[in-house]
Amino acid sequence: MLLPRQFYARDVLIVARDLLNCYLVREYNGHLLIGKIVETEAYHQNDPACHAYRGKTKRNEVMFGPPGHAYVYFTYGMHYCFNVVTGDIGRAEAVLIRALEPVKGIDIIRTLRGGKSDRELLSGPAKLTRGLAIDLKLNGYDLTEGKILYITKGEPVAEEDIVVTTRIGINAGKDLPYRFYLKNNKYVSKK
DNA sequence: CGTGCGATATTCT
DNA sequence: GAATATCGCACGG
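Residues numbered from 1 in each chain as written. Chains lettered and ligands numbered in written order. Predicted model: local features only at pLDDT ≥ 70, side-chain atom pairs only at ≥ 80, totals over all residues. Heavy atoms only, no water.

Under an unreviewed UniProt entry, the name given to chain A is Putative 3-methyladenine DNA glycosylase, and the organism recorded is Carboxydothermus islandicus. In the Sequence similarities (unreviewed entry) part of its UniProt record, chain A is described as follows: "Belongs to the DNA glycosylase MPG family." (UniProt positions renumbered as here; feature names shortened; annotations may be inferred.)

In structure tokens, the structure reads:
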């Protein structure tokens, strides 16, 4: 089932948790590339680690728009990261998708990633954008259209199978418990 | 196994 | 000029 707009129109911490076990689907050159979401992080405008903490800019303006759209940004001079916008219009919130478990189109994904082992294919925010061919052309894209790039519902996850901890790769806001991942899943990104 | 660092463009101070 | 929501290779044990 395609996730509807209302799914994204909730608090970013709730959406980040509920995205675990859902499927990210990418239509690429006639192939279907699918990964199960196993790790997420939440960011919002009152959080010092958020790109929108100091207001709207050209880069982060998508986060201020309607929920259910993709926020893709370029970082470290060579990597893209993929987020989904949440919350109400005018409030900047987004969930960073940090890791996927490969499900479908694994051969194509491996080609895009340069022939890595299964565990290395999508286990990091910049790895999964490369493996699913996501770049700035998809920034602002509406994920509720159900084409090109979208997310479908997964099996419900028990509270005891979710680990909540601090985020990776940031300094500001590093003590906030805004990172969520599936316990014992080997495709979660490493520290 | 583990730690350290270079790549390389955009944004921030 | 410095920092950055990162990755992968080089090196040492």
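Draft legend 1. Up close: the protein's contact with DNA strand C. If you check the shell around DNA strand C, you find 20 residues, and the closest are Y73, H79, N83, R113 and G169. A breakdown of the atoms of DNA strand C within 4 Å of the protein gives sugar and phosphate a share of 54%. For DNA strand C, a sugar or linking oxygen lies 3.4 Å from a polar atom in the side chain of Y43. The separation between a phosphate oxygen of DNA strand C and a polar side-chain atom of H51 is 3.1 Å. If one sorts the elements of the surface near DNA strand C by residue count, helix α5 (residues 125-131) sits on top with 3 residues. Partitioned by chemical class, the residues of the surface near DNA strand C number 10 nonpolar, 6 polar and 4 charged. (Near = heavy atom within 4 Å. Polar contact = N/O pair within 3.5 Å; in protein donor to acceptor, adjacent residues only side chain to side chain. Helix = DSSP H or I, 4+ residues; strand = E, 2+ residues; numbered from the N terminus. Nonpolar A, V, L, I, M, F, W, Y, C, P; charged D, E, K, R; others polar.)

Draft legend 2. Spatial organisation of the state of the cysteines. Counted by the stated rule, this structure contains 0 disulfides. Residue C81 stays outside any disulfide, its sulfur separated by 13 Å from that of C50, the closest cysteine. (Disulfide = S-S within 2.5 Å.)

Draft legend 3. Focus on the packing of aromatic side chains. Tallied over the entire structure, the rule returns 3 aromatic pairs. Each ring, one from Y71 and one from Y73, has its centre 5.6 Å from the other, and the planes form 35°; the classification is tilted. We classify Y73 as buried; its relative accessible area is 12%. For the pair F74 and Y80, a centre-to-centre distance of 5.2 Å together with 50° between the ring planes defines the contact as tilted. By relative accessible area, F74 is classed as partly exposed at 39%. Between R10 and the ring centre of F7, over which it is positioned, the NZ or CZ distance is 4.7 Å. Cation over ring: R167 sits above Y43, and NZ or CZ is 4.5 Å from the ring centre. (Phe/Tyr/Trp six-rings, centres within 6.5 Å; stacked < 30°, edge-to-face > 60°. Buried < 20%, exposed > 50% of the residue type's maximum accessible area, 1.4 Å probe, protein only. Lys NZ or Arg CZ within 6 Å of the ring centre and 35° of its normal.)

Draft legend 4. Local environment of the protein's contact with DNA strand B. Taken together, R54, R59, F74, Y76, G77 and M78 make up all the residues around DNA strand B. Counting only atoms of DNA strand B within 4 Å of the protein, the sugar-phosphate share comes to 52%. The contact in question runs from a phosphate oxygen of DNA strand B to an N or O atom on the side chain of R54, over 3.1 Å. A distance of 3.4 Å is found between a base nitrogen of DNA strand B and a backbone nitrogen or oxygen belonging to G77. Residue composition of the surface near DNA strand B, grouped by class: 3 nonpolar, 1 polar and 2 charged.

Draft legend 5. Quick peek at the pairing of strand β8 (residues 179-182). The pairing of strand β2 (residues 31-44) with β8 spans 3 bridges and is classified as antiparallel. Bridging from a neighbouring strand, E39 pairs with Y181 of β8. Pairing geometry for strand β7 (residues 162-165) and β8, over 4 bridges, is antiparallel. Looking at the pairing, V163 lines up with Y181 of β8. (Pairing = 2+ DSSP bridges.)

Draft legend 6. Spatial organisation of the nonpolar core. Counting residues in each nonpolar core, the largest one holds 40 residues, and the members touching the most others are L19, F82, L143 and I151. Counting residues per element, the ones that place at least two in this core are α1 (5-8), α2 (12-18), β2, β3 (70-75), β4 (79-85), β5 (93-104), β6 (149-152) and β8. If near-sequence neighbours (up to four positions away) are discounted, F82 is found in contact with L24, A70, Y71, V72, V95, L96, I97, L128, T129, I134, L143 and L149. Counting 14 residues, the second-largest nonpolar core is a separate cluster that includes V62, M63, F64 and C81. (Core = buried A, V, L, I, M, F, W, Y, C linked by side-chain atoms within 4.5 Å. Contact = heavy atoms within 4.5 Å.)

Draft legend 7. Highlighting the pattern of salt bridges. Summed over the entire model, instances satisfying the criterion amount to 13 salt bridges. The partner of D18 in a salt bridge is R10, and the shortest N-O contact between them spans 3.1 Å. Overall, the relative accessible area of 24% leaves D18 in the partly exposed class. Close ionic contact of E159 with R17 constitutes a salt bridge, the shortest N to O distance being 2.8 Å. Here E159 is found in the loop between β6 and β7, whereas its partner R17 is found in helix α2, with 142 residues between them in sequence. For E159, a relative accessible area of 55% gives the class exposed. Taken together, the shared-partner salt bridges in this structure form one network comprising R10, R17, D18 and E159. (Salt bridge = Lys/Arg side-chain N within 4 Å of Asp/Glu carboxyl O.)

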